Amino acid sequence: MNVKLAPLSLALAGSLLAAPAFAEMHWQNNSLTYLYGKNFSVDSGEDGREAAIQQTITFEHASGWSWGDMFLFVDHKWFNGHSGKDGRTYYGEFSPRLSLGKVTGKDLSFGPIKDVLISATYERGESQADGTPNQVYLLGPAVDLAVPGFDRFAVNTYYRKPDGATGKPGGQWQITPTWAMTIPVGKSDILFDGYIDWVVNDKKSGGTELKKNFHFNPQVKYDLGKALNQKAGMLYVGIEYDYWSNKYGIEDSGAFNTDNNVVNFIVKAHYF
């Protein structure tokens, strides 16, 4: 399957933001998160050694528009015990989703499905040593679901296309559920949210192979601000569980551990 995802995803994002009348923002939420964890696989500096401590600052933006919704985040990571460029890296994603219900003005809900969408994502990491960009384009259908007990639940399905300059094969398929659930506890709440990125097939091109992989990333956070009689939904503390088999599509082996299994401590502050 030869799919030119780069032009398609960039054109989609550009068209959504080009017309002011069409691109009316209905809501937005911005946040900064600090994460602290130990013994991450692969992301560990030289020779595949696991960093004793990894710290991350994450900026997140989510917004709802007259055409659909948008989410983006940027991670800046530091690996304690490593210096120079081995001691830090960055990674980000930009994910606009076009709501077919909103743009057609029709109610597309049926059964548990609330809306049908087209979802695009641009993934960007730090460039390789030779300057080659480390980037991937994703495009595919999505649905928003009405699931009892959940504030939101969506399932995005993607065709993955790495940048051609990297030499990595395209043609993997990814299923990405995302969710959020608020659980009242005493005078405050616990927020259970997160995502799964499940790449369901292997792909090989020449001497380069990307393996199927499974990334499970839930967070359990206590609304500390509400507990302190401040505005709800503004300040959270909690933990994040980060499990990733065959991380980055690299096959796990006895010689090189690529199965990530880490618990992070989190402090997250929202602002609007």
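Residues numbered from 1 in each chain as written. Predicted model: local features only at pLDDT ≥ 70, side-chain atom pairs only at ≥ 80, totals over all residues. Heavy atoms only, no water.

Novice: For this particular structure, what's the right way to read the overall build of the protein?
Specialist: The secondary structure content of the protein amounts to three helices and 14 strands. Per-residue burial for the protein yields a buried fraction of 44% across its 272 residues. As displayed, the protein offers around 13700 Å² of accessible surface, 60% of which is attributable to carbon and sulfur atoms. (Helix = DSSP H or I, 4+ residues; strand = E, 2+ residues; numbered from the N terminus. Buried < 20%, exposed > 50% of the residue type's maximum accessible area, 1.4 Å probe, protein only. Areas by Shrake-Rupley, 256 points an atom, 1.4 Å probe, with all protein chains shown as cover.)

Novice: Got a minute to help me understand the sheet that holds strand E14 (residues 260–271) in this structure?
Specialist: What links the strands of a sheet is backbone hydrogen bonding, and the strands pair in either a parallel or an antiparallel sense. Read around the closed barrel, twelve strands run E1-E2-E3-E4-E5-E6-E7-E8-E9-E12-E13-E14, paired in antiparallel fashion. In this sheet, neighbouring strand axes are inclined to one another by 20 degrees on average, regardless of whether the strands run parallel or antiparallel. Examined bridge by bridge, strand E9 (residues 188–199) and strand E12 (residues 213–223) share ten bridges and lie antiparallel to one another. Residue Trp 198 lies in a different strand from E12, and its bridge partner there is Phe 214. (Pairing = 2+ DSSP bridges. Axes fitted to C-alpha atoms, helices over the stretch in contact; angles between N-to-C directions.)

Novice: What exactly am I supposed to notice about the environment of Asn 39 here?
Specialist: Tracing the sequence through the fold places Asn 39 in the loop between strand E1 (25–37) and strand E2 (53–65). Judged by relative accessible area, Asn 39 falls into the partly exposed class, the value being 41%. Taking C-alpha positions, Asn 39 is 10.0 Å from Phe 79, a pair spaced 40 residues apart along the chain.

Novice: Any chance you could explain a nonpolar patch on the surface here in plain terms?
Specialist: A cluster of nonpolar side chains, contributed by Leu 32, Ile 57, Trp 78 and Tyr 271, occupies part of the molecular surface with about 340 Å² of accessible area. Mapped onto the fold, Tyr 271 is located in strand E14. (Patch = residues over 30% accessible without salt bridge, like charges linked within 9 Å, V, L, I, M, F, W, Y side chains within 5 Å. Salt bridge = Lys/Arg side-chain N within 4 Å of Asp/Glu carboxyl O.)

Novice: Is there a simple way to explain the packing of aromatic side chains in this structure?
Specialist: Two numbers describe a pair of aromatic rings. These are the distance of the centres and the angle of the planes. In the structure shown here, the tally under the stated rule is eleven aromatic pairs. Plain terms: the ring middles of Phe 150 and Phe 153 are 5.3 Å apart, the flat faces sit at 90 degrees to each other, and that makes the pair edge-to-face. Aromatic ring contacts, followed pair by pair, group Trp 179, Phe 192, Phe 216 and Tyr 241 into a single cluster. (Phe/Tyr/Trp six-rings, centres within 6.5 Å; stacked < 30°, edge-to-face > 60°.)

Novice: Explain the pairing of strand E4 (residues 88–99) to me, please; I cannot follow it from the model alone.
Specialist: Put simply, side chains in a regular strand alternate between the two faces of the sheet. Bridge analysis of strand E3 (residues 68–80) against E4 gives eleven bridges, and the strand direction is antiparallel. Residue Gly 68 lies in a different strand from E4, and its bridge partner there is Leu 98. In this structure, E4 lies alongside strand E5 (residues 113–125), joined through seven bridges in antiparallel fashion. Its bridge partner being in E5, Leu 98 is matched across the sheet by Ile 118.

Novice: Is there a simple way to explain the pattern of salt bridges in this structure?
Specialist: Where charged atoms from two side chains of opposite charge approach closely, those side chains can pair. Taken as a whole, this structure holds eight salt bridges when the rule is applied. In this structure, the salt-bridge partner of Glu 60 is Lys 268, at a minimum N-O distance of 2.6 Å. Taken together, the residues span a long stretch of sequence, with Glu 60 in strand E2 and Lys 268 in strand E14 at a distance of 208 residues. Each member of the pair, Glu 60 together with Lys 268, is buried. Among the ionic pairs, Asp 189 bridges to Lys 226, the shortest N-O distance being 2.9 Å.

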